[in-house]
Structure formats: structure tokens, C-alpha cells
Amino acid sequence: MTLRKRIARNEILIAPGVYDGLTAALAGQAEFEALYLSGAAVAYTRLGRPDIGLTTASEMADTMALIADRTDLPVIIDADTGFGNALNARRTMQSYERAGAAALQIEDQTYPKRCGHLSDKSLIPTQEMVGKIAAMADARRHDTLIFARTDAIAVEGFEAAMDRAETYVEAGSDVLFVEAPRDTDELSRIAERFAGRVPLLANMVEGGATPITQASDLEEMGFDIVIFPGGIVRALAHAARDYYETLHKHGSNKPFSNRMFNFDGLNNAIGTPQMLELGRSYDGKS
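The structure contained in this document is the topic of the report that follows.

The rules behind the values
- Along every chain, residues carry numbers that run from 1 in the direction the sequence is written.
- Whole-chain, interface and lining totals are the exception, using all residues; otherwise, since this is a predicted model, local features are given only for residues with pLDDT of at least 70 and side-chain atom pairs are given and counted only at 80 or more.
- Only hydrogens and water are removed before side-chain values are computed, so all heavy atoms of the structure are retained for them.
- Here, a salt bridge means any Lys or Arg side-chain nitrogen found within 4 Å of an Asp or Glu carboxyl oxygen.
- Comment: elements are numbered from the N terminus, with helices defined as DSSP H or I runs of at least four residues and strands as E runs of at least two.
- Partly exposed describes any residue whose relative accessible area lies between the buried limit of under 20% and the exposed limit of over 50%, with all areas from a 1.4 Å probe on protein chains only and scaled to the type maximum.
- Aromatic rings from Phe, Tyr and Trp, with only the six-membered ring used for Trp, were paired whenever their centres fell within 6.5 Å, and each pair was classed as stacked if the ring planes differed by under 30 degrees, edge-to-face if by over 60, and tilted otherwise.

1. Quick notes on the pattern of salt bridges
With the rule as written, the count across this model stands at 23 salt bridges. The partner of lysine 113 in a salt bridge is glutamate 107, and the shortest N-O contact between them spans 3.0 Å. For lysine 121, the salt bridge is made with aspartate 151, and the minimal N-O distance between the two is 3.1 Å. Within this pair, whereas lysine 121 is found in the loop between strand S4 (103-107) and helix H6 (126-139), its partner aspartate 151 is found in the loop between strand S5 (145-150) and helix H7 (153-156), the two being separated by 30 residues in sequence. The pair lysine 121 / aspartate 151 is uniform in exposure class, with both members buried. Here the residues in one salt-bridge network are Asp80, Glu107, Lys113, Lys121, Arg149, Asp151 and Glu179, joined through shared partners.

2. Focus: unusual backbone geometry
Across residues other than glycine, the phi torsion is negative in most instances, and most of the peptide bonds are trans. Between tyrosine 111 and proline 112 the backbone carries a cis peptide bond, its omega angle lying at 0°. With respect to the helices, strands and loops of the structure, proline 112 is situated in the loop between S4 and H6. Phi is positive for aspartate 80, close to 50°, though the residue is something other than glycine. Mapped onto the secondary structure, aspartate 80 falls in the loop between strand S3 (75-78) and helix H5 (86-99). For alanine 180, which is not glycine, the phi torsion reads 60° and is therefore positive. Exposure remark for alanine 180: the relative accessible area of 6% places this residue in the buried category.

3. Overview of the packing of aromatic side chains
Scanning the entire structure with this criterion turns up three aromatic pairs. Plain terms: the ring middles of tyrosine 243 and tyrosine 244 are 5.3 Å apart, the flat faces sit at 65° to each other, and that makes the pair edge-to-face. Looking at tyrosine 243, the relative accessible area reads 22%, which means it is partly exposed. A relative accessible area of 55% means that tyrosine 244 is categorised as exposed. Note on tyrosine 243 and phenylalanine 256: the rings are 5.5 Å apart at their centroids and 70° apart in plane angle, and the pair reads as edge-to-face. Of this pair, tyrosine 243 sits in helix H11 (residues 231-250) while phenylalanine 256 sits in the loop between H11 and helix H12 (263-270), and the two are 13 residues apart along the sequence. According to the relative accessible area criterion, phenylalanine 256 is buried, its value standing at 6%. Three or more aromatic residues joined by ring pairs make a cluster, and in this case those are Tyr243, Tyr244 and Phe256.

This is the structure in C-alpha cells:
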């Protein structure tokens, strides 16, 4: 099933965040139907740095290609601002599409951008964003979706964000993403205005500006997609910190062993027996 067809179903689509082949494989084993690759997750894991526009388009495309090699699930990839003007956005569409992305999310922040839940963001003019959406639409060779995101709530206010969102829908965005609603009322107002006209995405960031809301409640409001882009990084970073502290303290992994895969457990999770069997099928001895 294509991502477009899946979004059109009545049941909300939950897309967990991933950042490499391992997390993509594990999310697939948990039976999710789509994945989300955020620039923040790549910055956190590959660079060990914050989401403030340090990640490059090529780093994202490389990560996308490795994930596409590991899973057949559709991946929504964060294209940030398109990494420049409309021509840069066009090239980002081409490179991400070649890497295997099913959808690109582009936002109306200035470049370099910031995490949507950080303060002191700034925006490009509405019509410049419209031009980027058009450039990306012209560049795509497949049914690659364009998710248009506005960060205007924190910069220009809620009503200005609604006006920008209206323009992006008219410009042809396939999915609308209004970033960082500050409460349930703002989530509901977004849905009341746009639900049924364009698929709507909600972003759940632990500790961010938007209250964490159950997927079923978002579905009832009228949202079609909910992403949890950085949750896996926060979970694994917390576990990694505890692991390193325990190892340093005890000089052994034994006290932490009940929170780890053992050697065989990890190999089973990543499909080592199946890969070895596949290799044997090519060795001419079978």
C-alpha cells in the first residue's frame, strides 16, 4: 500500500522516529506501517549536536538510503527548509527521492533552521515558501508526498499560522503540518479548519510545546498522521547514559545485563541467521 493510500484510511497513521537501519528494522518488527526520519534525530545521533541546522542534505540522504536498504516501509523524511532557496528545495526532492523517501517535509523557517520546539525561530515570507513547494512538486518523479510545515505559531501567532497554512494548502501541499500548537484547544482549532480538506499531521515531542496526546484522541479530532520523531533517541540516550555509568562503576556489564540483548538476542533481532542462510544459498553448495 502506498503512503498516500494509507493516509487516506480512517485510522490515524502512527509514524515512529528512526535514525538508522537498526531502529528502522526494530520499528518494522513492532508492526508500524510507516517511519519518520527527522533531521533532529540525525543531528543527535550522527553529530551528537542539537537540531539547529547543522545536519546537511547529503548526510540526510545517506541516512535515508541506508534505511531504505533495510526496510520496505514508507519513510517520511525531514527536509528542513529545503537547505536553501527554491532551487535547493528542488534538488533536495531529487536526492531524497533517489534515496528512497516516500514523503518530504519542508518548513517555512529561515536557513539555518531550529528545532520547532526551540525559541527564537524566524520565518521566510509566505510566497517564498510557496515557491519551494512548487519547485519540489515540479522535481518529483514518483508519487512522493510533500508535507508543508509552518512554524508561525511561535513567531507570528496562531491566526498568522492559520493564514500561512491556508496558503500552503492552496499551493498544493499533500499534507499539512502546523508545528508546536501550545494546547489541546489549538490542536482542535487546526483540525476544525482543515480536517477533510487536507491530511493533517501532529508532532509529539516529549517535553516540547505541544501536550503529548494519545493517537486515538488526535484521530477523533481529525488528524491523519502522528509522528514521534525523537522519542527513540531520548529513550536510547537515557539507556546509554545508564549503561556507561554502570560499566564505569562496576567494571562489568553484569549489573546491566537484564536491560540488554545478549549476543544471540541481538543477532536474532537484526536477522543474522537469515542473512547467513541467504549467503549459503549463493555458495553453490546447496
